[in-house]
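Each chain is listed here by its residues.
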Amino acid sequence: ALKTLMALLPNLPLDDERPLQVLVREEPKARGLDANGYYWMRLGEIADQAWFKGRQFTKEVWHEYARQNLMPETITTKDGVECSKWVESPDGKAVVISTTFLEKGCFSEYTTACEAFGSSLGVHFSELPRAGRIGL
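What counts and what doesn't
Residues numbered from 1 in each chain as written. Predicted model: local features only at pLDDT ≥ 70, side-chain atom pairs only at ≥ 80, totals over all residues. Heavy atoms only, no water. Buried < 20%, exposed > 50% of the residue type's maximum accessible area, 1.4 Å probe, protein only. Helix = DSSP H or I, 4+ residues; strand = E, 2+ residues; numbered from the N terminus. Arc of directions from axis to C-beta. Contact = heavy atoms within 4.5 Å. 1 Å grid on protein atoms, 1.4 Å probe; cavity = no way out; pocket = protein on both sides within 12 Å on 5 of 7 lines; lining within 4 Å. Points joined across faces, edges and corners; volume = space filled by probe spheres on them. Nonpolar A, V, L, I, M, F, W, Y, C, P; charged D, E, K, R; others polar.

Engineer: Tell me about helix H3 (residues 59–69), and name the residues and values.
Structural biologist: Taken together, the buried positions of H3 are Trp62, His63, Ala66 and Arg67. Down the axis of H3, the buried side of the element spans an arc of 135°, and every buried residue falls inside it.

Written out as structure tokens, the structure is:
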């Protein structure tokens, strides 16, 4: 980790008009496989039940649609972790991040937004096991 930091420092843009802020904190918890499975289960339920503009779509299409249209611009979890929907690509364009980069709490918020959208389309989601949303 120290080697990586030392290699990064000479490449940082230093600008008095646009100074950088360096933040050191514990690494946010990655989401668990249970959370990922839960998310894809919900997308499957949307794919099975939802009609949108007279059509049904696969869960993979819903995943892409949700990433582009349902993921909040920024998410701040109750733990104060902030996630942004956008990352800059090498050509300077903003692109939507992959959901794999969302921290556990941010992914949970995103999943909730997907469920709300599915509900607005009339999707009836399955009951959760007694243990609840394990891994979210």
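The discussion continues.
Engineer: Talk me through the environment of Ala66; I want residue IDs and the actual numbers.
Structural biologist: With respect to the helices and strands, the residue Ala66 is situated in helix H3. Each C-alpha atom, one on Ala66 and one on Ala113, is 8.7 Å from the other, the two residues being 47 residues apart in sequence. Each residue touching Ala66, except ones within four places of it in the same chain, is listed here: Tyr39, Met71, Tyr110 and Cys114.

Engineer: Hey, could you go over empty space enclosed by the protein for me, with residue numbers and the actual values?
Structural biologist: Evaluation of the coordinates by the stated rule reveals 1 cavity of 30 Å³ or more. Of the volumes computed, that of the largest cavity is approximately 30 Å³. In terms of lining residues, the largest cavity is bounded by Leu43, Ile46, Trp62, Tyr65, Ala66, Leu70, Cys114 and Phe117. Counting only elements with at least two residues in the lining of the largest cavity, the list comes to helix H2 (33–49), H3 and helix H4 (104–120). The class makeup of the residues in the lining of the largest cavity is 8 nonpolar, no polar and no charged.

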